[in-house]
Amino acid sequence: MAQSATVDNPHLSEDHPIPGIPLAANTNVQDVLVGPLELPAIVYGAGTFSNQYNSDEHLSSDIPLRTVRLALRYGMRAIDTSVYYGSSEIVLGNILEALRDEFPRSSYKLMTKCGRYGPANFDYSPQTVRESVKRSLQRLKTDYLDVVYLHDVEFVCDQVAPHPTGQVHGALGEDAAAYGLVPGDEGTVRGQGDQKILDAFNELRKLKEEGLIKKIGITGYPLPTLLRLALLILHNPPYKPVDIILSYSHLCLQNSTFEQFAPRLKEQANVETLLAASPLSMGLLTGNPPKWHPAPPALVEADWPGKFTDLALGYAIGRTGDEHGNTPLVAGFSTPQEVHECVKVWREIKEGGGSADERRAGEEKARAIFKEAGYLDWSWSSP
């Protein structure tokens, strides 16, 4: 892992990019990817501004501001949050207001979510969706949002899946019927849950037409569900596609199933923009996952080698960006040090060099361990 700027150079503040990182012009995190949103290659995941990952003491310190400022200085000009992430929107709104002179609103993209308000608190009614978006605008101190998603759609839609855990590749082939993905069934509304999705999404469309939102989308964990709902929305009035989909923990060292589903989401469901989030799988691949993590105990309690986090981050970075469908990677940061480390890994991956073979060997070894344990490309129940 990278050392902090203050260790590398005691005269250089860790709040500024390290010389040599911004990267070469063709491998810079600030280079926007092709697409309607012109997103950077790395999007700041602000779920870290919650008690799921950090204490109140941390959140009330100057560390979050310094971390966001450094990320923006590196060119990570897009930030993802949610009303579900505790105080995240409030903390982030205060930070962005404090940084407004250096980074005006037009210099970055803001992405948030609605519909999920607690571990078991979901409300997709049109009125609540509208109220939630208005509240997010106030908290984030802005008059428009670049993206708003319906959050964790799998908890609201009708359940169409043969089992909640395991590998899901079969949904694209022999098990398509069990996942509701048979050609000809795209527009089938299976019950009240599916209708709630359609009604909520149509409310987001109205907010988009009113100019409060630029792009609207859905998020969730099960990839077959994301594909089914993207097709459902496309094949029901007004027969327009989802603008953007955020998938998490499915483009990481333990599970890369996103790579199989991405082409279907774009080609069949006509989704403009895909994002892959959580390269460390919600902390699973850090060696110190949160206690609430839904992965099996064998994974949560595993003792990973020293540079495993570096390896896992590099694996995801190497499978996103302009060479991989212009897919941005959403990564969470709690400290300036973590931002420096991420950008250093980004440079190593994109510029190649002598360590590339060593890194690939490490990735193959790690995935072989997951495969032997029976958990390679294995999805758990939605958290």
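Residues numbered from 1 in each chain as written. Predicted model: local features only at pLDDT ≥ 70, side-chain atom pairs only at ≥ 80, totals over all residues. Heavy atoms only, no water.

(A) Looking closely at empty space enclosed by the protein. The tally for this structure, following the rule as stated, stands at one cavity of 30 Å³ or more. The calculated volume of the largest cavity comes to roughly 40 Å³. Looking at the lining of the largest cavity residue by residue, the class counts come to four nonpolar, two polar and one charged. (1 Å grid on protein atoms, 1.4 Å probe; cavity = no way out; pocket = protein on both sides within 12 Å on 5 of 7 lines; lining within 4 Å. Points joined across faces, edges and corners; volume = space filled by probe spheres on them. Nonpolar A, V, L, I, M, F, W, Y, C, P; charged D, E, K, R; others polar.)

(B) Local environment of the pairing of strand 10 (residues 329-332). Relative to strand 10, strand 1 (residues 42-45) is paired through four bridges, and the arrangement is parallel. In the strand pairing of strand 10, Tyr-44 is matched with Ala-331. The pairing of strand 9 (residues 273-277) with strand 10 spans two bridges and is classified as parallel. Across the sheet, the residue bridging to Ala-277 is Val-330, located in strand 10. (Pairing = 2+ DSSP bridges. Helix = DSSP H or I, 4+ residues; strand = E, 2+ residues; numbered from the N terminus.)

(C) Molecular detail of the packing of aromatic side chains. Applying the stated rule across the entire model yields eight aromatic pairs. Both rings, one in Tyr-221 and one in Trp-380, keep their centres 5.6 Å apart while their planes meet at 15°; by these two values the pair is stacked. Residue Tyr-221 is found in the loop between strand 7 (213-220) and helix 7 (223-234), and its partner Trp-380 is found in the segment after helix 12 (356-373); the two are separated by 159 residues along the sequence. Take Tyr-221: its relative accessible area is 1%, and that puts it in the buried class. With a relative accessible area of 2%, Trp-380 lands in the buried category. Within the aromatic cluster, the residues linked to one another by ring pairs are Tyr-44, Phe-49 and Phe-333. For Arg-105, the ring lying beneath its charged end belongs to Tyr-144, and the centroid distance is 4.0 Å. (Phe/Tyr/Trp six-rings, centres within 6.5 Å; stacked < 30°, edge-to-face > 60°. Buried < 20%, exposed > 50% of the residue type's maximum accessible area, 1.4 Å probe, protein only. Lys NZ or Arg CZ within 6 Å of the ring centre and 35° of its normal.)

(D) Quick look at helix 10 (residues 308-317). Of all ten residues that make up helix 10, ten are buried, and the element is covered over most of its length. On its buried face, helix 10 sits against strand 10, helix 11 (336-351) and helix 12. (Contact = heavy atoms within 4.5 Å.)

(E) Up close: the layout of surface pockets. Estimated volume of the largest pocket: approximately 1,100 Å³. For the largest pocket, the lining is made up of 40 residues, of which Thr-48, Tyr-53, Ser-278, Met-282 and Gly-283 are closest to its centre.

(F) Inspection of the packing of helix 10 against helix 12 at higher detail. Remark: helix 10 packs on helix 12, axes separated minimally by 10 Å, with the N-to-C direction vectors making an angle of 100°. Here helix 10 is positioned roughly perpendicular relative to helix 12, judged by the angle of their axes. Listed contacts from helix 12 to Phe-308, Asp-310, Leu-311, Gly-314 and Tyr-315 of helix 10 are Arg-359, Gly-362, Glu-363, Ala-366, Arg-367 and Phe-370. When its residues are assigned to classes, the contact of helix 10 with helix 12 shows five nonpolar, two polar and four charged. (Axes fitted to C-alpha atoms, helices over the stretch in contact; angles between N-to-C directions. Parallel < 35°, antiparallel > 145°, perpendicular 65-115°, else oblique.)

(G) Local environment of unusual backbone geometry. A cis amide bond, omega 5°, links Pro-237 with the succeeding residue Pro-238. If you check the backbone angles, Glu-38 has positive phi at about 50° while not being a glycine. Positionally, Glu-38 belongs in the loop between helix 1 (5-8) and strand 1. Glu-38 gets classed as partly exposed once you look at its relative accessible area, which sits at 47%. A positive phi is found at Tyr-239, a non-glycine position, where the angle reads about 60°. Note that Tyr-239 resides in the loop between helix 7 and strand 8 (244-248).

(H) A look at the nonpolar core. Formed by 80 residues in total, the largest nonpolar core has its most connected members in Val-68, Leu-150, Leu-204 and Ile-218. Ranked by residues supplied to this core, first place goes to helix 7 with eight residues. Setting aside residues no more than four positions away along its own chain, Leu-204 makes contact with Cys-114, Val-129, Val-133, Val-148, Tyr-149, Leu-150, Ile-213, Ile-216 and Gly-217. Leu-37, Val-147, Leu-253 and Leu-376 belong to the second-largest nonpolar core, a separate cluster that totals 32 residues. (Core = buried A, V, L, I, M, F, W, Y, C linked by side-chain atoms within 4.5 Å.)

(I) View of the sheet that holds strand 8. Taken together, the eight strands give a closed barrel; going around it, the order is 1-2-3-6-7-8-9-10, and neighbouring strands pair in parallel fashion. In this sheet, neighbouring strand axes are inclined to one another by 30° on average, regardless of whether the strands run parallel or antiparallel. Sheet topology places strand 7 next to strand 8; four bridges connect them, and they run parallel. Note that in strand 8 the partner of Thr-219 across the bridge is Leu-246. Sheet strands touched by helix 5 (residues 126-139): strand 3 (109-114), strand 6 (145-150) and strand 7. Its angle to strand 6, the strand with the most contacts, is close to 140°.

(J) Main features of the pairing of strand 9. Burial of strand 9 is extensive: five of the five residues sit out of reach of the surface. Residue alternation in strand 9 divides its side chains into two sets, Thr-273, Leu-275 and Ala-277 and Leu-274 and Ala-276, and both sets are buried. With five bridges joining them, strand 8 and strand 9 adopt parallel strand pairing. Within strand 9, the position partnered with Leu-246 by the bridge is Leu-275.

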